[in-house]
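# Examination of the molecular architecture
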Amino acid sequence: MPSLAKAQEVRKGLDRVIATSVSAGELMASVAKLLHENMLKYNWVGFYMLEPSANPPVLVLGPFQGAMTPHTRIPLNQGICGAAASTGKTLVIDDVSADSRYLACSTETKSEIVAPIFVKGKVVGELDIDSHFHAAFSAEDRELVEHCADLVGKFLETAK
Ligand code: SME
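Residues numbered from 1 in each chain as written. Predicted model: local features only at pLDDT ≥ 70, side-chain atom pairs only at ≥ 80, totals over all residues. Heavy atoms only, no water.

## A closer look at the sheet that holds strand β6 (residues 122–131)
Taken in spatial order, the six strands make up an open sheet running β3-β2-β1-β6-β5-β4, and their pairing is antiparallel. The open sheet has two free edges, formed respectively by β3 (73–75) and β4 (91–93), since each of these has just one partner strand. Taken pair by pair, the neighbouring strands of this sheet meet at an average axis angle of 25°, ignoring direction. As paired strands, strand β1 (residues 44–50) and strand β2 (residues 58–65) are joined by five bridges and run antiparallel to one another. Looking at β2, one finds that G46 is bridged to F64. Packed onto the sheet, helix α2 (residues 24–38) meets β1, β2 and β6 and runs at close to 155° relative to β1. Along the sheet face, helix α3 (residues 79–87) touches β1, β2, β3, β4, β5 (111–119) and β6 and points at about 35° away from the line of β5. (Pairing = 2+ DSSP bridges. Helix = DSSP H or I, 4+ residues; strand = E, 2+ residues; numbered from the N terminus. Axes fitted to C-alpha atoms, helices over the stretch in contact; angles between N-to-C directions. Contact = heavy atoms within 4.5 Å.)

In structure tokens, the structure reads:
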């Protein structure tokens, strides 16, 4: 469970970055930094966005915080990331070693959450977070991560 003080600090930070960001890229970079710096168990935080008009569809790595990942392009039929984007559902994986879909980014990763980003009801990308801790993502974390994904979706929606 995130510490209340930290989660509140992140919420305040989100209000600030939403008011000052001039592009979706800047907003995503700031959200990744805020979460990575403040949420101790969020060890890798990054965005994957659907490449516009790619056929077949592919997720492309966007702004992130943490170690470089080998997975810079993920087809929708691969990984937890592909599953979240193709179903439009948030996925919380308490033990990545027990999920055959999992694509490893770091050998230290134990759990993962992926929340889709929607624009006008369609998935356009997702926010992916890995933790070095087993079952790191509680219902409160899910709420925070989905809130961040929604902020980016709303920003993109009004920017278009
Ligand atoms: N674990 C993800 C791949 C992305 S890296 O973790 C950054 C997956 O299974 O889709």
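Next comes the rest of the description.
## Looking at empty space enclosed by the protein
Counted by the stated rule, this structure contains one cavity of 30 Å³ or more. A volume near 110 Å³ is recorded for the largest cavity. Around the largest cavity, the lining comprises 14 residues; the ones closest to its centre are C81, L103, C105, E112 and D128. Sorting the residues of the lining of the largest cavity by element identifies β1, α3 and β6 as the ones contributing at least two each. Residue composition of the lining of the largest cavity, grouped by class: eight nonpolar, three polar and three charged. (1 Å grid on protein atoms, 1.4 Å probe; cavity = no way out; pocket = protein on both sides within 12 Å on 5 of 7 lines; lining within 4 Å. Points joined across faces, edges and corners; volume = space filled by probe spheres on them. Nonpolar A, V, L, I, M, F, W, Y, C, P; charged D, E, K, R; others polar.)

## Quick word on the pairing of β1
Summarising burial for β1: six of the seven residues are buried, a large majority. With six bridges connecting them, β1 and β6 associate as antiparallel partners. The residue of β6 that forms the bridge with G46 is D128. (Buried < 20%, exposed > 50% of the residue type's maximum accessible area, 1.4 Å probe, protein only.)

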